[in-house]
Amino acid sequence: MPSVSDRLPAFPWDRLEPYKTTAAAHPDGIVDLSVGTPVDPVPALVQRALTDAADSPGYPTVWGTKELRDAITGWCERRLGARGIEHRNVLPVVGSKELVAWLPTQLGLGAGDRVAFPRLAYPTYEVGARLAGAEYLAYDDPTELDPEGLKLLWLNSPSNPTGKVLGLDELRRVVAWAREHGILVLSDECYLELGWETEPVSVLDPRVCGGSYEGVVAVHSLSKRSNLAGYRAAFVAGDADVLGDLLHIRKHGGMITPAPVQAATVAALGDDVHVAEQRARYTARRTALRGALEAAGFRIEHSEASLYLWATRDESCWDTVSDLSKRGILVAPGDFYGPAGERFVRVALTAIDERVSAAVRRLGE
């Protein structure tokens, strides 16, 4: 039998291992700014909610508890400006990466169907298309694509890796174009609460979608805003017909958020204080790292939101990775996110304050 893994590219992070080894040999230890994994504590109220729900012997439901659906719809109204959003418009998922990777398959896409994503993008958009056996293509402006056979259009604002934010007018234009051609829009908005120089807007905002969720679905995660990457807590919201089909499929597949994680998600979505506290931590780290990188000769592009600085010294990204690894600093090469990133590196803000301070000192040496 042919192997499904044959459809997939080589796992990019394996290429970084030699540089990680070099960085780890630094006398003061590695400063790992490569993977955007949270390092700060899970908020206490979330931990309490998880442990209080630990005695959960029965099977949870794929659609989640009523309390969870209330929490998601309430958050979408409060934080995204969504109007008239109901339980049928939301669906919890087992982390956003799972959703991204398996969505084309769950939508029934395959040979002859096309999936589009930004020129610089999270690699899992392509992986999802490959797993489904669909075609894939990268864009600069999605409205310049040939709509023939295009079934799924990924947006990503704020962007991973660049931190670029799509403005209200741009989002509205793209959604209108996609609806005109019957193309489903999936908007990956996992960094939406981490805008620094601008306020990101959701496709669920009525100024974008016109108050209708037809043909649009937003993807949200608690990994970054609440330090819950280890919980695999995420959800999608939008078109009720699309989510209804996904719910049916995911019931058969047993793709269920564990009951304690559902309870923790309710607590996290209901509290804005811990989000503000975490934003303050990232603001300080961003300010320190950006200043140190610019003083060291880097140029920062975009980066107005998200957890990364998109930096360049106008050289091969691998030359930059190599040089920084010798200083004990590990960053992600930009070509992990597409050929257009070959002269950039992605610098994550996800290191504890002491390690960020170490990176700042080393960049100044």
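Everything numeric here is computed off the predicted structure, so don't read it as measured data. (Residues numbered from 1 in each chain as written. Predicted model: local features only at pLDDT ≥ 70, side-chain atom pairs only at ≥ 80, totals over all residues. Heavy atoms only, no water.)

A closer look at the overall build of the protein chain
- Each helix and strand in the protein chain was counted, giving 12 helices and 13 strands.
- In terms of overall dimensions, the protein chain is globule-like: its C-alpha atoms have a radius of gyration of 20 Å, near the 21 Å expected for 365 residues.
- The principal-axis extents of the C-alpha atoms in the protein chain amount to approximately 55 × 50 × 50 Å.
- Classification of the 365 residues of the protein chain by burial places 55% in the buried group.
- Counting contacts in the protein chain only where the partners sit at least 6 residues apart, residues at least 24 apart contribute 75% of the total.
- Carbon and sulfur atoms make up 53% of the accessible area of the protein chain, which totals about 15300 Å².
- Each charge class in the protein chain can be summarised by its mean position, and for the 39 positive and 49 negative side chains these summaries are 3 Å apart. (Helix = DSSP H or I, 4+ residues; strand = E, 2+ residues; numbered from the N terminus. Rg over C-alpha atoms; globule rule 2.2 N^0.38 Å. Buried < 20%, exposed > 50% of the residue type's maximum accessible area, 1.4 Å probe, protein only. Contact = heavy atoms within 4.5 Å. Areas by Shrake-Rupley, 256 points an atom, 1.4 Å probe, with all protein chains shown as cover. Lys, Arg positive; Asp, Glu negative; His and termini not counted. Charge placed at Lys NZ, Arg CZ, Asp CG, Glu CD.)

Topic: the pairing of strand 5 (residues 150–156)
- The buried fraction of strand 5 amounts to 6 of the 7 residues, a majority that puts the element mostly inside the structure.
- Where strand 3 (residues 114–118) and strand 5 come together, 3 bridges link them in parallel fashion. Residue pairing across strands places Ala 116 opposite Leu 153, the latter belonging to strand 5.
- Where strand 5 and strand 6 (residues 184–188) come together, 5 bridges link them in parallel fashion. In the sheet register, Leu 152 faces strand 6, and the bridge partner there is Leu 184.
- One crossover worth recording links strand 5 to the parallel strand 6 by way of helix 6 (residues 168–180), and it is right-handed. (Pairing = 2+ DSSP bridges. Right-handed = clockwise from strand over helix to strand, strands pointing away.)

Side note on helix 8 (residues 240–253)
- End to end, helix 8 covers 20 Å across 14 residues, agreeing with the expected 20 Å (1.5 Å per residue, within 8%).
- Buried residues along helix 8 sit in contact with strand 2 (90–93), helix 4 (96–106), strand 6, strand 7 (216–221) and strand 8 (234–238).
- Where helix 8 begins, one side-chain oxygen reaches toward the backbone nitrogen of Asp 241, 2.9 Å away; that side chain belongs to Asp 239.
- Just beyond helix 8, the residue with positive phi is Gly 254, at close to 65 degrees. (Expected span 1.5 Å × (residues − 1). Polar contact = N/O pair within 3.5 Å; in protein donor to acceptor, adjacent residues only side chain to side chain.)

Points about the packing of helix 4 against helix 8
- Contact pair helix 4 / helix 8: the axes reach a minimum separation of 12 Å and the direction vectors enclose 100 degrees. Of the possible angle classes, the one that applies to helix 4 and helix 8 is roughly perpendicular. In this structure, helix 4 uses Glu 98, Leu 99, Leu 103 and Gln 106 to contact helix 8, whose residues at the interface are Leu 246, Ile 249 and Arg 250.
- The residue inventory of the contact of helix 4 with helix 8, partitioned by class, reads 4 nonpolar, 1 polar and 2 charged. (Axes fitted to C-alpha atoms, helices over the stretch in contact; angles between N-to-C directions. Parallel < 35°, antiparallel > 145°, perpendicular 65-115°, else oblique. Nonpolar A, V, L, I, M, F, W, Y, C, P; charged D, E, K, R; others polar.)

Considering the packing of aromatic side chains
- What the rule picks out here adds up to 11 aromatic pairs.
- A ring pair is formed by Tyr 122 and Tyr 125, whose centres lie 5.6 Å apart and whose planes are at 80 degrees; its orientation type is edge-to-face.
- On the basis of relative accessibility, which here comes to 0%, the residue Tyr 125 falls in the buried class.
- Residues Trp 310 and Phe 344 carry aromatic rings whose centres are separated by 5.0 Å and whose planes lie at 5 degrees to one another, so their mutual orientation is stacked. Of this pair, Trp 310 sits in strand 10 (residues 308–312) while Phe 344 is found in the loop between strand 12 (332–333) and strand 13 (345–348), placing the two residues 34 residues apart along the sequence.
- Of the residues examined, Trp 310 reaches a relative accessible area of 1% and is grouped as buried.
- Taken together, the ring pairs connect Trp 13, Tyr 19, Trp 318, Phe 336 and Tyr 337 into an aromatic cluster.
- Taking the ring centre of Tyr 308 as reference, the NZ or CZ of Arg 346 above it sits at 3.8 Å. (Phe/Tyr/Trp six-rings, centres within 6.5 Å; stacked < 30°, edge-to-face > 60°. Lys NZ or Arg CZ within 6 Å of the ring centre and 35° of its normal.)

Points about the nonpolar core
- Within the largest apolar cluster, 65 residues are counted, with the highest numbers of intra-cluster contacts made by Leu 33 and Trp 154.
- By size, the runner-up hydrophobic cluster in this structure holds 45 residues, among which are Ala 71, Trp 75, Leu 171 and Val 203. (Core = buried A, V, L, I, M, F, W, Y, C linked by side-chain atoms within 4.5 Å.)

Comments concerning the sheet that holds strand 12
- With antiparallel pairing, 4 strands are arranged side by side in an open sheet as 9-10-13-12. Each having just a single partner strand, strand 9 (299–301) and strand 12 make up the two edges of the open sheet.
- Each of strand 9, strand 10 and strand 13 is contacted by helix 10 (residues 273–295), which is oriented at about 5 degrees to strand 10, the strand it contacts most.

What about the side chain of Asp 40?
- Assignment of secondary structure puts Asp 40 in the loop between strand 1 (31–32) and helix 2 (44–52).
- For Asp 40, the side chain forms a polar contact with the side chain of Gln 278, separated by 2.7 Å.
- Of the polar contacts made by the side chain of Asp 40, one reaches the side chain of Arg 285; its length is 2.8 Å.

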